[in-house]
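A look at the structure
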Amino acid sequence: MDSEASDNQTSASEVKPGDNVIACPVCGAATVQEKCKVICKSDICRGRVVYNCAEF
């Protein structure tokens with residue numbers, strides 16, 4: 001089993017059709033909501049705040 005290939009996958013590959021998930025406008029990965037912020041935690045963005053509480 002190639003563990004390196006599984007390490008390179010982002011959370012965007014785990015998103016299933018029909019899931020109500022906001023995609024990051026920069027890298028396209030799935031985002032997570034923490035308190036009143038939507039954050040992208042992919043390897044590319046590394047914690048970029050996509051939306052804050054004033055924007056939604």
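Residues numbered from 1 in each chain as written. Predicted model: local features only at pLDDT ≥ 70, side-chain atom pairs only at ≥ 80, totals over all residues. Heavy atoms only, no water.

**A look at the overall build of the protein chain**
The helix and strand tally for the protein chain stands at one helix and three strands. Reading the secondary structure of the protein chain in the N-to-C direction produces α-β-β-β. Put simply, the protein chain has 56 residues, and 18% of those count as buried. The long-range share in the protein chain, meaning contacts at least 24 apart out of those at least 6 apart in sequence, stands at 7%. (Helix = DSSP H or I, 4+ residues; strand = E, 2+ residues; numbered from the N terminus. Buried < 20%, exposed > 50% of the residue type's maximum accessible area, 1.4 Å probe, protein only. Contact = heavy atoms within 4.5 Å.)

**A short note on the confidence of the model for the protein chain**
For the protein chain, per-residue confidence averages 76 on the pLDDT scale, and residues scoring 70 or more make up 64% of the total. The element-level mean pLDDT for the protein chain is lowest in helix H1 (residues 3-7), coming to 42, with strand E2 (residues 37-40) highest at 94. Every residue in residues 1-13 is under pLDDT 50, and counting partners more than four places away or in other chains gives six contacts. (pLDDT = per-residue confidence, 0-100.)

**Considering the nonpolar core**
Ranked by size, the top nonpolar core spans six residues in total: Cys24, Ala29, Val38, Cys40, Cys45 and Val50. Those residues in contact with Cys45 that sit more than four places away from it in its chain are Cys24, Val26, Cys27 and Cys40. (Core = buried A, V, L, I, M, F, W, Y, C linked by side-chain atoms within 4.5 Å.)

**Regarding the side chain of Ser42**
Take Ser42: it is sitting in the loop between E2 and strand E3 (48-51). Owing to a relative accessible area of 7%, Ser42 belongs among the buried residues under this scheme. A distance of 3.2 Å separates a polar atom in the side chain of Ser42 from the backbone nitrogen of Cys45. Among all residues touching Ser42, those that are not within four sequence positions of it are Cys27 and Ala29. (Polar contact = N/O pair within 3.5 Å; in protein donor to acceptor, adjacent residues only side chain to side chain.)

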